[in-house]
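# Architecture and fold: a report
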Amino acid sequence: MSRKRFSHSSRIRLLLSILVFAGLADLMAQGNGTVSGTITDPQTGETMIGAHVIVEGTSHNTISDSDGKYILNNLPAGEYTLKISYIGYEDMKVHVEVIAGENTNLELSLVYSGFEMDEVVVTAQARGQLKAINNQLNAQDIRNVVSAERIQELPDANVAETLGRLPGVSIKRVGGEGNKVVVRGLSPKYSKITLEGVSMAASGSDRSSDISMISPYSLDGIEVIKAATADKDADFIGGLVNFKLRDADPGWKFDLVAQGGYNNLKSTFSDYMFIGNVSNRFFDDQLGVYLQGNVEQRNRSSNDLSAAYNVDAGISDPIVGEENQVYTTSFSMNDIIRKRSRYGSTLVLDYRITDGAIHFKNFYSQSGTEIDRYTESYTVEAPSLLKYSGKREAYELQTYSNIIDYEQRFNKLLISAKGSHSYSKSSTPQNIGFDFSQRDGMYLPEVYIKRGELPPHELLAYKTIDYNNTFFDKLSEEYAVTEERQLEASLDLQYDFAISKQVNGHIKAGGKYRYKDRFHDRTTYGSNLNLGQGANNTILDTYPWMRDTMASILGGSPEDYENYTYRLPYPLFMDREFDHQDYLDGKYFMGPVPDLNLLESSLYAIQDNQASLNEVSYAFYNRASNRYDYSGNEYFYAAYIMSEINIGKYIKFIPGVRYENNRSVYTGNRGWFTSTDREYNEYKPLYNNKLDTTMTRNNSYLLPMIHLKANVTDWFDIRFAYTHSLSRPGYSQFMPSSDTRGTEVRWNNYKLIPEYSENYDLYLSFKKDHLGLLTFGAFTKKIDHMIFALGRRQIVDSTYIDDLPADYINSHVIYTTENNPHTANIWGVELDWQTNFWYLPGVLKGLVLNVNFTHIFSEAKYPYNEIINQAVNAWDPPLWVNADTFYTSQLIDQPDDVVNIQVGYDYKGFSARISMLYQSSIFKQATYFPELSYYADDYLRWDFSVKQKLPWLGMQIFCNVNNITAARDRDLVKGAAWDAKIQHYGMTIDFGLRVKL
């Protein structure tokens, strides 16, 4: 058991004592009444979510829910004044008489600040901003909120890009499109993704989820919770991202969007998107139906570069802490043609019952990505291979969720129950690859002289290209599928209490059960054409013209190649018409690419003729097909108890404690492999015919959570949170599998325990109609048991021998992962300002502003090992030992600074917004030699959107310009500031028509 799990017993006993005392004290409060109703915006008729209702002179207060409803329980009989506040609207005060044992219904409407209602129309940007502000202010936990209006106003490719504009949030991109979030500098695996509070099935092996498939038009808002209360799952250290689906409003509503797009990297106009939704309420507004569908296609092509480096101290070996020279060992250029399509639908049904509602929410999304990848790579070491590769890839991702929830109030008791099913399937229908290679592709003598001075683009001046001596080496074919299914059920009970007029609140308790089923399967075929002469002849027989071409290239006549016993030259397969279109602005130059259509046909010809070929020509690859396969189940149980205690007008105290238990049972493969090229028949059980190995892991945690909010004045409050959270190991890390190749063992550590974080948050909020919301925040995290790769270690004792043969001691090296014995620390500050300038004269009142800034520090110790031979004499048998040490650096994926600025403007039917995103350098890779660590270069991006309403049928035209300056994602190697990775995707423009009826 972990020290952290049970070192908080005294604090937990104190929390439980407070909760029990609060419940018992409520028995003394009798003869109380209730006030309830709905709060609306009279201008639009929409209900107002997050309005604050205070009973003056008491501690009683509440927040209007997602339907705009509020309820004040346990009010002693008498007369009171209610104060209703909502940032951006005039405060309202109303008198009400409370009668013992009865409910007083009071319907309320608020007026927009500073104007009579007939003088101003609250714009969509301003209304959305106000919703987000009030939701954030009145939440029990610490969160940031994006409203539906703001999601649709921002010119973002998807909701991941929208999240990247919140304080403390950065994103990871593929093809210029965000797909995963980094919250507070912590990698995507440290964040949890939920839909309506239900865990989404993971699509990544590290438990992360790809959120690019979520349509922004189906959402009612996004919440990023940074410090959770005890009623929420604790398996996140970075943040919990919750997507909220839309409900139906009264009356028929239709919303249609038709959009086209331009990609300037490939000069295409092939992008499109169509979205339609319809909604209404029936049977006196009791039943609501909302239906949405979307179809989309995008060109997400990119120019990519990657490079690898090493260090050289010159005469002696490199030394840590000394100034070592960095040099390039290899680099590759990639021209990627990437087309992505998405389809999705959302169906939300809700039925209003007495003092409650039942919701049935369904979400489905499917995305498909087709990639033609052309690669030209150089090895800058003997024999300096030059490779040309072509790969045709296809990926599919399906995800859907079905959620039914029930909520109803019975006087002081609120019952909430939820059941859900979620599923994800990530598959590779077919990936086929083709490699051509030329030996001595670079003139090395001069390169070696100046290699510490030559970045990758300058090394291209030393290439020695000879297409006729470049030959078809290998082809490969791969299929893969990963499926995850989750079933989840939860029950929450909340009981309101009132000890006196100055002390009231509620006690909440509940539990959750989740079952998960997951598996991964991979199948790989391949051919070594330098060995498979039969396959070469099959290709030549399929395309007789190739023999004529070979005669012109290599000499002789076509008949000389009837029984060809050598490799096929690259010119036979070149696509000479392919245009790289100024690859990476001309800094790098790529040559001819393989013709993938021709190569794909060649592969099928080999498959059709496989019965007559030997196994070298085209074969099933045993090791590659079995090494990573796994399957298993997880069983999750959780229970909690918490309370909200309001003390007077100023203090809100929310103590709680949460228990979580997770049991996982997974099966993985263990095998050994001895040959470099013949893996089709060499992958075998590791020992005792034990290929499939099943292991059970079980861990449980007791997690205290404390939140405190002090309303110092009506316009200033302080929030403090002390919480504990977890991050469970990724699937690929703890599968009970191992792989031995020669004397190297790669062993998955199924004994890994979850990473554990102790978190402190402090937030100061200033809120005024003229100011908007200004928030200063600070946070710190102490993370124990972080999972890290050990690197290369000699097996010198029996540490791993329970799972490996005993004769591996002193004869094999091992690569594995372990929990870090050192604590990692991260701390940071956040500034967020949201406002609109309604008080300015004339047209200036349409200005809307959002500004946030985040600065993050972190420190982690990364262990490192050197294998040392302590044998006294050179002729003695080696005596290997592991010399363990560590080095200190920041956390991976952590930016130092993130700045977001959005300026919006609305005037009558016109709306515009310009957005700026800046991220300072991000640490990307930990290495033993600091010179070899990678970091992302500073990133500055500008986006612009404009919309204009038309006077017909609620029509609106719009144009979004994304990445105006064509900013690149660029990684550098620290020791030389040379390119380690580049992803260049250019600018995109979307334009279209929207109709709202």
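These numbers were taken from a predicted model, which means no experiment stands behind them. (Residues numbered from 1 in each chain as written. Predicted model: local features only at pLDDT ≥ 70, side-chain atom pairs only at ≥ 80, totals over all residues. Heavy atoms only, no water.)

## Some details on the overall build of the protein
- Across its full length, the protein holds twelve helices and 51 strands.
- Computed over C-alpha atoms, the radius of gyration of the protein comes to 31 Å, within 12% of the 30 Å expected from 2.2 N^0.38 for 997 residues, which places it in the range of a compact globule.
- Counting only C-alpha atoms and orienting by the principal axes, one finds that the protein spans roughly 105 × 70 × 55 Å.
- Expressed as a percentage of its 997 residues, the buried residues of the protein come to 58%.
- The contacts of the protein with a sequence gap of at least 6 include a subset with a gap of at least 24, amounting to 72%.
- Of the roughly 39400 Å² of accessible surface on the protein, a fraction of 55% belongs to carbon and sulfur atoms.
- Taking the 97 positively charged and 122 negatively charged side chains of the protein as two groups, their mean positions are separated by 4 Å. (Helix = DSSP H or I, 4+ residues; strand = E, 2+ residues; numbered from the N terminus. Rg over C-alpha atoms; globule rule 2.2 N^0.38 Å. Buried < 20%, exposed > 50% of the residue type's maximum accessible area, 1.4 Å probe, protein only. Contact = heavy atoms within 4.5 Å. Areas by Shrake-Rupley, 256 points an atom, 1.4 Å probe, with all protein chains shown as cover. Lys, Arg positive; Asp, Glu negative; His and termini not counted. Charge placed at Lys NZ, Arg CZ, Asp CG, Glu CD.)

## Points about the pairing of strand β51 (residues 988-996)
- Two elements, strand β16 (residues 253-263) and β51, share nine bridges in a ladder whose sense is antiparallel. Bridging across to β51, Gly 260 finds its partner in Phe 991.
- Two strands pair when backbone bridges link them, and strand β48 (residues 955-962) and β51 are joined in this way by eight bridges, in the antiparallel orientation. Residue pairing in the sheet places Met 955 in a bridge with Val 995 of β51. (Pairing = 2+ DSSP bridges.)

## Things to note about the sheet that holds strand β14 (residues 219-227)
- With mixed pairing, the five strands of this open sheet are ordered in space as β9-β14-β15-β12-β13. The open sheet has two free edges, formed respectively by β9 (142-147) and β13 (198-199), since each of these has just one partner strand.
- Looking at chain direction, strand β12 (residues 192-195) and strand β15 (residues 240-245) are connected through four bridges and run parallel. Considered in β15, the bridge of Thr 194 is made with Asn 242.

## Notes on helix α9 (residues 545-554)
- Every buried residue of α9 is listed here: Met 546, Arg 547, Met 550 and Ala 551. Relative to the axis of α9, the buried residues are bounded by an arc of 145° and lie together on one face.
- Directly after α9, the chain includes Gly 555, whose backbone phi takes a positive value near 95°. (Arc of directions from axis to C-beta.)

## Some words on the nonpolar core
- Within the largest apolar cluster, 73 residues are counted, with the highest numbers of intra-cluster contacts made by Tyr 309, Phe 434, Met 442, Phe 472, Leu 568 and Phe 573.
- With residues near it in sequence (within four places) discarded, Met 442 still touches Phe 331, Tyr 378, Val 380, Ser 384, Val 447, Leu 459, Tyr 462, Lys 463 and Thr 464. (Core = buried A, V, L, I, M, F, W, Y, C linked by side-chain atoms within 4.5 Å.)

## Topic: a nonpolar patch on the surface
- A contiguous nonpolar patch, built from Trp 252, Phe 254, Trp 952, Leu 953 and Leu 997 and spanning about 600 Å² of accessible area, is present on the exposed surface.
- With respect to the helices and strands, Phe 254 occurs in strand β16. (Patch = residues over 30% accessible without salt bridge, like charges linked within 9 Å, V, L, I, M, F, W, Y side chains within 5 Å. Salt bridge = Lys/Arg side-chain N within 4 Å of Asp/Glu carboxyl O.)

## Brief notes about the sheet that holds strand β5 (residues 78-85)
- Strand order across the open sheet formed by four strands is β3-β2-β5-β6, with antiparallel pairing between neighbours. One side of each edge strand has no neighbouring strand; the edge strands of this open sheet are β3 (61-63) and β6 (92-98). Strand after strand, the sheet turns through a mean of 25° between neighbouring axes, direction not considered.
- Relative to β6, β5 is paired through seven bridges, and the arrangement is antiparallel. Each bridged residue has a counterpart across the sheet, and for Thr 81 the counterpart in β6 is His 95. (Axes fitted to C-alpha atoms, helices over the stretch in contact; angles between N-to-C directions.)

## Overview of helix α10 (residues 596-608)
- Compared with an ideal rise of 1.5 Å per residue, which puts 13 residues at 18 Å, α10 spans 18 Å between its outermost C-alpha atoms and is within 8% of the ideal.
- Its side-chain oxygen placed 3.1 Å from the backbone nitrogen of Asn 597, Asp 595 serves as the N-cap of α10. (Expected span 1.5 Å × (residues − 1). Polar contact = N/O pair within 3.5 Å; in protein donor to acceptor, adjacent residues only side chain to side chain.)

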